[in-house]
Amino acid sequence: MTEITCKLAVIGAGPGGYVCAIRAGQLGVDTVIVESGKLGGSCLNVGCVPSKAIIHVAEEFEKLADAVAGKTPFGLTAARPALDFKQAVAWKDGIVHRLNNGVAALLRKAKVKIVQGHAHFRDGKTIVVETETGPKTIKAETVVIATGSAPIELPSLPFGGAIISSTAALALPEVPKSMVVVGGGYIGLELGTAFAKLGSKVSIVEAQERILPLYDIELTAPVARRLTALGVKVLTGARALGLTAQGGGLRVETADGQEHGLPADKILVTVGRAPVTAGLGLEQLVLDMDGPFIRIGQRCETSMRGIYAIGDVTGEPMLAHRAMAQGEMVSEIVAGLPRAWDKRAVPAICFTDPEIVSVGLSPEQCRQAGINIKTGQFPFAANGRAMTRHGETGFVRVVAKAEDQRVLGIQAVGLGISELSAAFSLAIEMGSVLQDIAGTIHAHPTLGEAMQEASLKALGHAIHI
Ligand code: FAD
Ligand code: NAD
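Being a predicted model, the structure only gives us computed values, none of them experimental.

Definitions and limits used
Residues numbered from 1 in each chain as written. Chains lettered and ligands numbered in written order. Predicted model: local features only at pLDDT ≥ 70, side-chain atom pairs only at ≥ 80, totals over all residues. Heavy atoms only, no water. Axes fitted to C-alpha atoms, helices over the stretch in contact; angles between N-to-C directions. Helix = DSSP H or I, 4+ residues; strand = E, 2+ residues; numbered from the N terminus. Parallel < 35°, antiparallel > 145°, perpendicular 65-115°, else oblique. Left-handed = near helix turned anticlockwise from the far one by under 90°. Contact = heavy atoms within 4.5 Å. Pairing = 2+ DSSP bridges.

Across the interface, helix H1 (residues 15-26) lies against helix H8 (residues 320-334) with an axial gap of 7 Å and an inter-helix angle of 30°. Of the possible angle classes, the one that applies to H1 and H8 is roughly parallel. The two elements H1 and H8 meet at a crossing, and its hand is right-handed. Within the contact between the two elements, H1 uses Pro15, Gly16, Tyr18, Val19, Cys20, Arg23 and Ala24 and H8 uses Ala320, Ala323, Met324, Gly327, Glu328, Val330, Ser331 and Glu332.

What follows is the structure, encoded as structure tokens:
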């Protein structure tokens, strides 16, 4: 058995693990990263990147379909649109492939050793990797667990055949005629919307009283309206029971206790993701857990000295940029730099139609925390750029502390507003007060002006409303 000795071993090369390894390498830390699948993890291979590619295809297709139907108010018409879905999936795979190579190149540039295979702990300092050429032992001073998450399966709807996870949905050979999505959260709504635009007859079955229950209703209402306009049937307070007796559909108990059958060529189950810890040999360690997740402190340290955990394996929010930020921090700690988690906010975006962005605290969270706030909300209906993009739905809302105008949260819903999240995050991370945003010249005509106007409104003197 070959043996490698290093200062840092990272298990899992998703956004958490590969960022951790690259930064450690940059800092001169002798680093090994172990990956059992493809570099880039869920995010790059079966998550953020491929889903956004398919969402883009769906948006483009819908624009054409609207033109054909004469639905655009600006006179655009077109002949019958056609989509070669296999080519769309191949295009998506090409992007993923380029990024896989990019991650490999960045790791090599940082002098990180990549070991391909499944890793498990023998003890707190020793990892055994089952590689194609046999087992390899890695002895490391510090180990970072970055093994990520995987889709949760429902006992009544095990994956296979017509019942698919997001991974399979992103690799379908054709657009299904009908699809039932079980779980109206992030993945269900992003992919459900995309497939509806691509021509599937989509139904969404959500157990809670409303879709995207983690966002407030003001933010989700425009998304719910758009789903209806797209012909998506949304059943809330509903339970998926299992396949219909003849197959080809899903049995659902709706909020009124009635049982219904929903026809479905594919049933996409998106009811959350579970941490990947099976087969990792955690039983060899004494790690405190938070339910199924690995418990971490402010420096992503676990309960065992020399073992850190980052990303989805540590629980919500399961977001790629959080995993990356944790990875970067841990590598600097390993290199001896004084670091701890000092972020004011982790931005969250739902790439629905319209998109939702939330950074920092919502008004409700402030109320629950007993913080006295003032808010300013500016609608895109009064924003010139939004009008010229035919996207007047939605708004930007700024939440500030009443006493000192400190911005605590910014939320928005609107067409293409995911890119505004950078400005929202920067404002909060820099500790801005309302006057900072209001006093910054925002280029005209841009959607960003809505952020300035929302701040002005909170100060009591919005100009354009
Ligand atoms: P992962 O990306 O899950 O990576 C973990 C890696 O560890 C995997 O490559 C796995 O093969 C490897 N591994 C596991 N066990 C072992 C082992 N024992 N030995 C060796 N290797 C191992 N987040 C966003 O921020 N924005 C989005 O738009 C977004 N969209 C998403 C869309 C979908 C469809 C999905 C499924 C997820 C999406 N996410 C999004 C979530 C995002 O993908 C995750 O938060 C992110 O990938 C977590 O990174 P990670 O490094 O913790 O784990
Ligand atoms: P989620 O937690 O966002 O949504 C799951 C939904 O399923 C919830 O609304 C829940 O109420 C519902 N649900 C649970 N059990 C159910 C049942 N038996 N029947 C019907 N509904 C049920 O989970 P997800 O959509 O699977 O996404 C997993 C994680 O991936 C998210 O937590 C998120 O952090 C991450 N993600 C992020 C993005 C993004 O940042 N844009 C996109 C996709 C995924």
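The pairing of strands in a sheet comes from backbone hydrogen bonds and takes either a parallel or an antiparallel form. Taken together, the three strands give an open sheet; going across it, the order is E12-E13-E14, and neighbouring strands pair in antiparallel fashion. A strand with exactly one partner marks an edge of an open sheet, and here the two such strands are strand E12 (239-243) and strand E14 (259-263). Between one strand axis and the next, the sheet turns by 30° as a mean value, whatever way the strands run. Taken together, the four bridges between E12 and strand E13 (residues 249-253) define a ladder with antiparallel strand orientation.

Where H1 meets helix H4 (residues 85-109), the axes come as close as 8 Å, and the angle between the chain directions of the two elements is 30°. Comparing the axis directions of H1 and H4 gives the class roughly parallel. The handedness of the crossing between H1 and H4 comes out as left-handed. Residues Tyr18, Ala21 and Ile22 of H1 lie in contact with H4, whose contacting residues are Val103, Leu106 and Leu107.

Take it as geometry only, folks, not as evidence of what the structure does.
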